[in-house]
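The chain contents come next:
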Amino acid sequence: MQGLMQHGALTVDKFLDHAAAWHGAREVISRDAAGIVTRSNYGEIHTLAKRVSNGLARAGIRPGDRVATMGWNSARHLAVWYGATGMGAVLHTLNPRLFLEQIAYIANHAGDRILFADPACAELIGELLPQVPTIERVIFLCDAATLPRTDYAATAFDDWAAGEPAEYAWGGFDENTACGLCYTSGTTGNPKGVLYGHRSNYIHALMTLQADALALSGRDSVLMVVPMYHANAWGMVYSAPAVGAKLVLPGQKMDGESLVDLIEQEGITFSSAVPTIWQGVLQYLRESGRGLGALKRVVIGGSAVPEALVRTFRDDYGVDVIQGWGMTETSPLATISTPSAEVAALPADEQIQYAIKQGRLLAGLELKLTDDEGNRLPHDGRTPGRLKIKGPTIVSGYFGGDGGNVLDEEGFFDTGDVSTIDDKGYMQITDRAKDVVKSGGEWISSIEIENIATGHPAVALAAVIGVAHPKWDERPILLCQLKPGASACRDDLTSFLDGKIARWWMPDDVLFVPEIPLGATGKIDKKLIRQRMEGYKLPFEVTR
Ligand code: ADP
């Protein structure tokens, strides 16, 4: 028997329709690379997005065509987002921090037809265009006065959109229609495209809004630091308008001072970014003696959150850290580390041990741990296994069929992460499968050692990689980037780790490097570290 409720297609354009109708005056604020702050609101963005749909239709864009953006978080970027998805086109976010060859590969693979880009990307696009013949047109997200001079044809967004009608009928298509395309960084092989559907993004936004997840409300003032090209800014492109939260878009400048300025000036209560960005913010706060104004909660994900970061936010600034885990393939948020009733009843210090785990599963998803043969493993908090996930916000295959079938016989997607799940349901990533250090047949968690090492007062960033060893297959070594002006030696770090990790996990060497390389989404780039460390020899053999 069928239910007798109305069928409303779950299409993402409805989030901005709702924001415009019910929170139309709520502000959307953008800061550009020159530091100029522009104030707009959901009503105006909605009108602008409708103009974009008309402009795209006039340019011959049809439902299913790929419309690319290459830019930081801005109001114009948001208008293009809704303008393209609302008319049934696929919004493809390109990450401007990738190498030219990667961007060219991705744009060709996607078959992008129109490119909306930040003016700062003008030079890169000049090199890109000859390699991507599918791109017919470049529109810079700026006004005529700031249109970059280029030797290729380009238009200023404001001029392009200005003459277009402000009415366009969005939606009207099946809710499973594709709306977004985002490529994973492809740490193994070529980047692969994750093709989001309206329904999957809609459901993801609702899932993340719940009180035990991001708990965004119309009263929040949200600083969306995580870039829109990083898995839909963790869904906040949808969830913030859905609740009518004030939205602050910081553009390209994401250094500590620039972010703290916005946090103070705009009364920010909630923000989102990867750990390395927050480390920059905390470093700046220490140097400047400034505070975090009205900020109450930060969601941090993308890589593991060190304990020291949670403590500093909580103890020095009264800010709660919510750790989220997920990946492009999972829309991205899937687990969240907010306290369960049982954990909330623990003393504050013990609660932190759960805050640094990746957390509990959001409703609507299924999670399992397996060994390499696919047998389920216990949730005892000790046994690491391959983490697999299933649900309506999880990828079922990559764009263009790349990678073939990615689901197991029960329909679960293998995340490539290795983790444990404890008896309270908290999942903890111990490594990405390809970063695991395998020593004497057992796994050493590089993430755990890194987290502890980052707690040393002199250490800014820490990375552990495995190095070939004749007896143990691999042994871990620790690379540290020290804080400006700080000093430490090998023994300082090994004594600091002593007693906090199993003896046989102790890194065989500690190296101090001027800079730990970060990848295009602000994560430690272990692939590059491994390349740089090629030919490195361990100083001596250790016994276990
Ligand atoms: P990529 O880094 O491959 O471009 P994603 O942004 O999709 O792509 O990254 C997903 C990966 O990031 C996860 O598989 C996991 O390894 C890591 N990750 C995400 N959140 C966390 C977290 N809170 N703690 C540890 N690792 C995380």
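1. Concerning unusual backbone geometry
So, point 1. Residues Ser-331 and Pro-332 are joined by a peptide bond in cis, for which omega reads 10 degrees.
So, point 2. On the secondary structure map, Pro-332 appears in the loop between β14 (320-326) and β15 (333-336).
So, point 3. One non-glycine residue, Ala-231, lies in the positive phi region at around 50 degrees.
So, point 4. For Ala-233, which is not glycine, the phi dihedral falls at a positive 50 degrees.
So, point 5. Position of Ala-233 relative to the elements: it lies in helix α8 (residues 231-234).
So, point 6. Given a relative accessible area of 0%, Ala-233 falls into the buried group.

2. A short note on the pattern of salt bridges
So, point 1. In total, this model carries 29 salt bridges according to the counting rule given.
So, point 2. For Asp-349, the salt bridge is made with Arg-311, and the minimal N-O distance between the two is 2.9 Å. Of this pair, Asp-349 sits in helix α14 (residues 348-355) while Arg-311 sits in helix α12 (residues 307-317), and the two are 38 residues apart along the sequence.
So, point 3. Judged by relative accessible area, Asp-349 falls into the partly exposed class, the value being 44%.

3. Considerations on the site of the ligand
So, point 1. Close contacts around the ligand come from 15 residues, with Gln-323, Gly-324, Thr-328, Asp-417 and Lys-523 the closest.
So, point 2. Within the contact set of the ligand, an oxygen atom lies 2.6 Å away from a backbone nitrogen or oxygen of Thr-328.
So, point 3. Take Asp-417: an N or O atom from its side chain is 2.6 Å from an oxygen atom of the ligand.
So, point 4. Its free accessible area being 570 Å², the ligand has 94% of it covered by the protein chains.
So, point 5. Among the elements that take part in the shell around the ligand, β14 stands out by supplying 4 residues, more than any other.
So, point 6. Considered class by class, the residues forming the shell around the ligand number 3 nonpolar, 9 polar and 3 charged.

4. Quick notes on the nonpolar core
So, point 1. Core analysis: the biggest nonpolar cluster contains 147 residues, and Leu-56, Met-70, Tyr-82, Phe-116, Ile-125 and Phe-313 have the highest contact counts within it.
So, point 2. The element best represented in this core is helix α3 (residues 75-86), accounting for 7 residues.
So, point 3. Counting 19 residues, the second-largest nonpolar core is a separate cluster that includes Val-437, Ala-453, Leu-478 and Met-506.

5. What to know about the packing of α3 against helix α9 (residues 236-243)
So, point 1. Where α3 contacts α9, the axes come no closer than 12 Å and their chain directions differ by 90 degrees. As the angle between them shows, α3 and α9 are arranged roughly perpendicular. Packed against α3, whose contacting residues are Leu-78, Trp-81 and Tyr-82, the element α9 presents Val-237, Tyr-238 and Pro-241 at the interface.
So, point 2. Of the residues assigned to the contact of α3 with α9, the class counts are 6 nonpolar, no polar and no charged.

6. Observations regarding the pairing of strand β2 (residues 37-41)
So, point 1. Where strand β1 (residues 27-31) lies against β2, 5 bridges are found, and the strand directions are antiparallel. In the strand pairing of β2, Val-28 is matched with Ser-40.
So, point 2. Linking β1 back to β2 in an antiparallel pair, the connection comprises 5 residues, with Gly-35 at a positive phi of about 90 degrees.

7. Quick look at the side chain of Ser-200
So, point 1. Mapped onto the elements, Ser-200 comes out in helix α7 (residues 198-209).
So, point 2. Setting aside chain neighbours within four positions, we find Ser-200 in contact with Pro-392 and Thr-393.

8. Description of the packing of aromatic side chains
So, point 1. Taken as a whole and judged by the stated rule, the model has 11 aromatic pairs.
So, point 2. With centroids separated by 6.1 Å and ring planes inclined at 40 degrees, the aromatic side chains of Phe-15 and Tyr-238 adopt a geometry described as tilted. In this pair, Phe-15 sits in helix α1 (residues 13-22) while Tyr-238 sits in helix α9, placing the two residues 223 residues apart along the sequence.
So, point 3. The class of Tyr-238 is buried, set by a relative accessible area of 2%.
So, point 4. Note on Phe-116 and Phe-157: the rings are 6.2 Å apart at their centroids and 70 degrees apart in plane angle, and the pair reads as edge-to-face. In this pair, Phe-116 sits in strand β5 (residues 114-117) while Phe-157 sits in helix α6 (residues 157-162), placing the two residues 41 residues apart along the sequence. Each member of the pair, Phe-116 as well as Phe-157, is classed as buried.
So, point 5. Cluster of aromatic residues (ring-pair linked, three or more members): Phe-15, Trp-81, Tyr-82, Tyr-202 and Tyr-238.
So, point 6. Taking the ring centre of Tyr-398 as reference, the NZ or CZ of Lys-192 above it sits at 5.4 Å.

9. Overview of the side chain of Thr-269
So, point 1. Mapped onto the elements of the fold, Thr-269 is located in the loop between α10 (256-265) and β12 (270-273).
So, point 2. Ignoring anything within four residues of it in the chain, the contact list for Thr-269 reads Asp-220, Ser-221, Ala-294, Leu-295, Lys-296 and Arg-297.

The rules behind the values
- Residues numbered from 1 in each chain as written.
- Predicted model: local features only at pLDDT ≥ 70, side-chain atom pairs only at ≥ 80, totals over all residues.
- Heavy atoms only, no water.
- Helix = DSSP H or I, 4+ residues; strand = E, 2+ residues; numbered from the N terminus.
- Buried < 20%, exposed > 50% of the residue type's maximum accessible area, 1.4 Å probe, protein only.
- Salt bridge = Lys/Arg side-chain N within 4 Å of Asp/Glu carboxyl O.
- Near = heavy atom within 4 Å.
- Polar contact = N/O pair within 3.5 Å; in protein donor to acceptor, adjacent residues only side chain to side chain.
- Areas by Shrake-Rupley, 256 points an atom, 1.4 Å probe, with all protein chains shown as cover.
- Nonpolar A, V, L, I, M, F, W, Y, C, P; charged D, E, K, R; others polar.
- Core = buried A, V, L, I, M, F, W, Y, C linked by side-chain atoms within 4.5 Å.
- Axes fitted to C-alpha atoms, helices over the stretch in contact; angles between N-to-C directions.
- Parallel < 35°, antiparallel > 145°, perpendicular 65-115°, else oblique.
- Contact = heavy atoms within 4.5 Å.
- Pairing = 2+ DSSP bridges.
- Phe/Tyr/Trp six-rings, centres within 6.5 Å; stacked < 30°, edge-to-face > 60°.
- Lys NZ or Arg CZ within 6 Å of the ring centre and 35° of its normal.

Geometric values such as these leave the question of function open.
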